[in-house]
Amino acid sequence: MHFEETVMGFLLDHQERHHRTHHFLILMDALISAAKHIEHFYLTGALKGNTGLAGSVNVQGEDVFRMDQIAQEITIHHLRTSRRVIYAVSEESEEIVPINPDGRYFVYFDPLDGSSNVPHGLPVGFMFGVARKSLEGEEDNHLRAGKDYIAAGMFVIPTGTFTLALKDAGAWRFHLDETMEFVRPTRILLPENRKNWELSFNSANRHAYSKGVQNWITNNESKYAFRYIGALAADFHRTLSNGGMFMYPAIVNHPDPRKNRPEGKLRLMYEASVVAFICSEAGGAAIGETGNPILNVQPKGPHQRSALYVGSKPLVEDITQSLAIPNPPVQ
Ligand code: AHM
Ligand code: MG
């Protein structure tokens, strides 16, 4: 028989080797338990009538699905019982959620990302970033930039895959086994060979991107395969494995100017910074609309949005040149 190393064994070893506390393990256990519960409900979503709308709108003014609410309840429950979290920021809660003033961590999460896939039972993400409270001196700010996260991860639900990045210790992928354990830690490094590189973006929006981005797409799209699942965790999972770039550029040239999103669509704290952190640990890069590194962006609010270009460094560096040119003509 063949047995695999579990995520908890991997993390215990990691903490011990770096002379770290057990607090982070308890937090990770809570997040992994939450993911397994969400996965369980998602798998039976259609049968139990849970794939529809909940009848309310969230902080972004978007329709909330019943599954969004279930995933939110599950995650908050596990974070509370861990007793290790001070505050949580969730896409599903307008206010920052106070959890335990004696806790040690801040958790930023989207319990079910990729709403358009929910009615179909297709892949969605449970994404999270973790920052630690200041252990010396006064606590300055619980809304941290990605460079101050200590870990970030994403579960692609219901596929049983989990990617976890630990500060300065790499990005790792795990798979769910038949006993519902995440096992087989496998280091993820973006492949340098361009053979399998892919581009991923919502092509329906391409004429609404800045002229620089439109030109870049025209000049580069034929060199790579194109894939788009419509859920960040799932699309970025492919980018990490195959190399290439995922992007959700700012919408600045929409025929209906009211539909422009100059600040981007994705949320900084629990979407863009999470994949930027994972990508950086996998040897890649992530920037926003002005070519600024996502990891350096200090959030001004919990639900701040951001444009996002994330993936293999050569592509991210290359598109930076196009972002720098103020509205050049489309070639
Ligand atoms: P959501 O939080 O409402 O689900 O939106 C985030 C999702 C991302 O997972 C995905 O990358 C993107 O929105 C897809 O947007 P679009 O449908 O505009 O292509
Ligand atoms: Mg989301």
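Treat the numbers as computed from the prediction; the structure is a model and nothing was measured.

1. Quick look at the overall build of the protein chain
Step number 1: Helix and strand counts for the protein chain stand at 7 helices and 17 strands.
Step number 2: Relative to the compact-globule value of 20 Å for 331 residues, the protein chain shows a C-alpha radius of gyration of 19 Å, a close match.
Step number 3: The principal-axis extents of the C-alpha atoms in the protein chain amount to approximately 55 × 50 × 45 Å.
Step number 4: Among the 331 residues that make up the protein chain, the fraction classed as buried is 46%.
Step number 5: Looking at the protein chain alone, contacts between residues at least 24 apart form 63% of all its contacts between residues at least 6 apart.

2. Let's talk about unusual backbone geometry
Backbone geometry follows two general trends: most residues other than glycine have a negative phi, and most peptide bonds adopt the trans configuration.
Step number 1: Of note, the amide linkage connecting I157 to P158 takes the cis form, showing an omega dihedral of 5°.
Step number 2: Within the element layout of this structure, P158 appears in the loop between β7 (151-157) and β8 (161-166).
Step number 3: Not every positive phi belongs to a glycine, and R184 is a case in point at roughly 60°.
Step number 4: Note that R184 resides in strand β10 (residues 182-188).

3. What to know about the environment of G244
Step number 1: Mapped onto the secondary structure, G244 falls in strand β13 (residues 244-248).
Step number 2: Sequence-wise, G244 and A285 are 41 residues apart; in three dimensions their C-alpha atoms are separated by 11 Å.

4. Some thoughts on the site of ligand 1
Step number 1: Taken together, 13 residues lie around ligand 1, and G114, S115, N202, A231 and L232 are the ones closest in.
Step number 2: Contributions of two or more residues to the shell around ligand 1 are made by β5 (105-113) and α5 (232-242).
Step number 3: For the shell around ligand 1, a count of residues per class yields 3 nonpolar, 5 polar and 5 charged.
Step number 4: Counting only domains with at least three residues in the shell around ligand 1, you end up with domain 1 (7-188) and domain 2 (194-322).

5. Brief notes about the environment of F126
Step number 1: In this fold, F126 is placed in strand β6 (residues 124-132).
Step number 2: The contact partners of F126, leaving out residues within four places of it in the chain, are A35, I38, A71, P111, L112, F155 and I157.

6. Remarks on the domain arrangement of the protein chain
Step number 1: Here the domain parsing of the protein chain yields domain 1 (7-188) and domain 2 (194-322).
Step number 2: Relative to domain 2, the C-alpha centre of domain 1 lies at a distance of 22 Å.
Step number 3: Residue-level contacts link 32 residues of domain 1 with 27 residues of domain 2.
Step number 4: Broken down by secondary-structure element, the contributors of at least two residues to the side of domain 1 that touches domain 2 are β5, β6, β7 and β8.
Step number 5: Sort the elements by how many residues they give to the side of domain 1 that touches domain 2 and β6 lands first, with 5 residues.
Step number 6: For the side of domain 1 that touches domain 2, the per-class residue count stands at 18 nonpolar, 10 polar and 4 charged.

7. A look at helix α3 (residues 66-82)
Because the α-helix completes a turn every 3.6 residues, residues three or four places apart line up on one side.
Step number 1: With 17 residues, α3 should cover 24 Å at 1.5 Å per step; its first-to-last C-alpha distance of 25 Å lies within 8% of that length.
Step number 2: Among all positions of α3, only M67, D68, I70, A71, Q72, I74, T75, I76, H78, L79 and S82 are buried.
Step number 3: Residue R83 follows α3 closely and has a positive phi angle near 60°.

8. Digging into the pairing of strand β1 (residues 53-57)
Step number 1: With respect to burial, β1 is a largely exposed element, only 0 of its 5 residues being buried.
Step number 2: Across 2 bridges, β1 lies against strand β2 (residues 63-65) in antiparallel orientation. By the bridge assignment for β2, V57 is matched with D63.
Step number 3: Where β1 hands over to β2, the hairpin turn is made up of 5 residues, of which G61 adopts a positive phi near 80°.

9. Things to note about the sheet that holds strand β15 (residues 285-287)
Step number 1: Strand order in the open sheet formed by 5 strands is β12-β11-β13-β17-β15, with mixed pairing between adjacent strands. Strands at the two margins of the open sheet, each flanked by one partner only, are β12 (225-226) and β15.
Step number 2: Of the strand pairs in this sheet, strand β11 (residues 198-200) and β12 are connected by 2 bridges, and their pairing is parallel. If you follow L199 over to β12, its bridge partner there is F226.

Rules behind the numbers
Residues numbered from 1 in each chain as written. Chains lettered and ligands numbered in written order. Predicted model: local features only at pLDDT ≥ 70, side-chain atom pairs only at ≥ 80, totals over all residues. Helix = DSSP H or I, 4+ residues; strand = E, 2+ residues; numbered from the N terminus. Rg over C-alpha atoms; globule rule 2.2 N^0.38 Å. Buried ≥ 20, exposed ≤ 12 C-beta atoms within 10 Å, placed from the backbone. Contact = placed C-beta atoms within 7 Å. Near = placed C-beta within 6 Å. Nonpolar A, V, L, I, M, F, W, Y, C, P; charged D, E, K, R; others polar. Domains from an automatic or database assignment. Expected span 1.5 Å × (residues − 1). Pairing = 2+ DSSP bridges.

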